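One-letter residues, chain by chain:
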Amino acid sequence: MKRITIAIDGFSSTGKSTLAKQLAKQLGYVYVDTGAMYRAVTYFAMQNNWITENTIDKDSLINHLNEVQLKFHFNETLGFAEMFLNGVNVEQEIRTLEVSQNVSRVAEISEVRAKLVQQQQEMGRDKGVVMDGRDIGTVVFPNAELKIFMTASAETRAERRFNELIEKGQHVTFDDVLENVQQRDYIDTHRDDSPLVQAKDAIIVDNSTLSKEEQFNLVLNLVNQYL
């Protein structure tokens, strides 16, 4: 059967990863969570105290990027691949609000993007891949056969993210999560290097009022049209 590259871009907390995992499982494709890669680099910087509330020591992070080794290892029990940073499973650590508050600032560093984009392109070299992020259809795989751009209102996305964090036992307020969503939107769309934009040939999916099942069926129908 023909194998294609599926690029899923969009704003934070639109459920890109959930959709990408569903599609990869259904199609037998490789799934790559590029957001996890940027989160892992952010966590690496936090571990080394290069991030404060208002600043990032970009020079130190850039000078130590060669020490960052990222690997995805499939967890059969969970049914998806988890992120390992330098041999250590950091899947839980990179999903905190603290990492979320800093990841967009790390992701706008050109040297970080160059390193991760190169790895992402290698992962999808043989097609049969579903990759989600901010610049997959515009930078990583501009020739992807199917490009999806996901969006939803900031309030809807904040509510989803807030519920996820509460379920994980994290102590957060809705206002803090909403502020984080809005801040990430601004940084992602205004950075100089590979800002979040809709590719000209991407199909918009606004899932503000869609269930996960409705969204999956909608996009799966699009995939089948290409296959």
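This write-up is about the structure you can find in this document. Bear in mind that the values here come from a model prediction, so they are computed numbers and not experimental data.

1. Concerning the overall build of the protein
- Each helix and strand in the protein was counted, giving nine helices and eight strands.
- Here the C-alpha atoms of the protein give a radius of gyration of 17 Å, agreeing with the 17 Å that 2.2 N^0.38 yields for 227 residues.
- For the protein, the spread of C-alpha atoms along the principal axes amounts to about 50 × 40 × 35 Å.
- The contacts of the protein with a sequence gap of at least 6 include a subset with a gap of at least 24, amounting to 73%.
- Within the structure as shown, the protein displays about 11400 Å² of accessible surface, and the carbon and sulfur contribution to it stands at 47%.
- If you average the places of the 24 positive and of the 33 negative side-chain charges in the protein, the two averages end up 6 Å apart.

2. A look at the pattern of salt bridges
- Within this structure, the stated rule accounts for eleven salt bridges.
- Note that D33 and R95 form a salt bridge whose closest N and O atoms lie 3.0 Å from each other. Of this pair, D33 sits in strand β2 (residues 30–33) while R95 sits in the loop between β5 (88–89) and α4 (97–107); the two residues are 62 residues apart in sequence, bridging distant segments of the chain.
- Accessibility expressed as a relative area gives 5% for D33, which makes it buried.

3. So, the environment of H64
- Here H64 is to be found in the loop between α3 (58–63) and β3 (70–75).
- Looking at H64, the relative accessible area reads 26%, which means it is partly exposed.
- Separated by 133 residues in the primary sequence, H64 and V197 have C-alpha atoms spaced 29 Å apart.
- Setting aside chain neighbours within four positions, we find H64 in contact with F44 and W50.

4. Thoughts on the sheet that holds β3
- What the three strands build is an open sheet, ordered β3-β4-β5; its pairing is antiparallel. With partners counted over all chains shown, the strands left at the sheet margins are β3 and β5, one partner each.
- Taken together, the two bridges between strand β4 (residues 80–85) and β5 define a ladder with antiparallel strand orientation. Residue L85 lies in a different strand from β5, and its bridge partner there is V88.
- Relative to the sheet, helix α2 (residues 34–47) contacts β3 and β4, its axis offset from that of β4 by approximately 30 degrees.

5. A look at the pairing of strand β1 (residues 5–10)
- Where burial is concerned, most of β1 is hidden: six out of the six residues are buried.
- Every second residue of β1 is oriented toward a common face, with T5, A7 and D9 on one face and I6, I8 and G10 on the other, all of them buried.
- Relative to strand β6 (residues 129–133), β1 runs parallel, the two being bridged by five bridges. Bridging from a neighbouring strand, A7 pairs with M131 of β6.
- Judged from the five bridges that link them, β1 and strand β7 (residues 146–151) form a sheet pairing that is parallel. When the sheet's bridge partners are listed, I6 is paired in β7 with L146.

6. Concerning the pairing of β7
- Within β7, six of the six residues are buried, leaving the element largely enclosed by the surrounding structure.
- Side chains of β7 alternate between two faces, with L146, I148 and M150 and K147, F149 and T151 buried alike.

7. Examining the packing of aromatic side chains
- What the rule picks out here adds up to three aromatic pairs.
- For the ring pair F11 and F149, a centre distance of 5.9 Å and an interplane angle of 80 degrees mean the geometry is edge-to-face. Here F11, found in the loop between β1 and α1 (16–27), pairs with F149, found in strand β7; they are 138 residues apart in sequence, far enough to count as distant. Across the pair, F149 and F11 agree in class, each one buried.
- Taking the centre distance of 5.7 Å and the plane angle of 70 degrees together, the rings of F44 and W50 count as edge-to-face.
- Since its relative accessible area comes to 12%, W50 is described here as buried.

What counts as what
- Residues numbered from 1 in each chain as written.
- Predicted model: local features only at pLDDT ≥ 70, side-chain atom pairs only at ≥ 80, totals over all residues.
- Heavy atoms only, no water.
- Helix = DSSP H or I, 4+ residues; strand = E, 2+ residues; numbered from the N terminus.
- Rg over C-alpha atoms; globule rule 2.2 N^0.38 Å.
- Contact = heavy atoms within 4.5 Å.
- Areas by Shrake-Rupley, 256 points an atom, 1.4 Å probe, with all protein chains shown as cover.
- Lys, Arg positive; Asp, Glu negative; His and termini not counted.
- Charge placed at Lys NZ, Arg CZ, Asp CG, Glu CD.
- Salt bridge = Lys/Arg side-chain N within 4 Å of Asp/Glu carboxyl O.
- Buried < 20%, exposed > 50% of the residue type's maximum accessible area, 1.4 Å probe, protein only.
- Pairing = 2+ DSSP bridges.
- Axes fitted to C-alpha atoms, helices over the stretch in contact; angles between N-to-C directions.
- Phe/Tyr/Trp six-rings, centres within 6.5 Å; stacked < 30°, edge-to-face > 60°.

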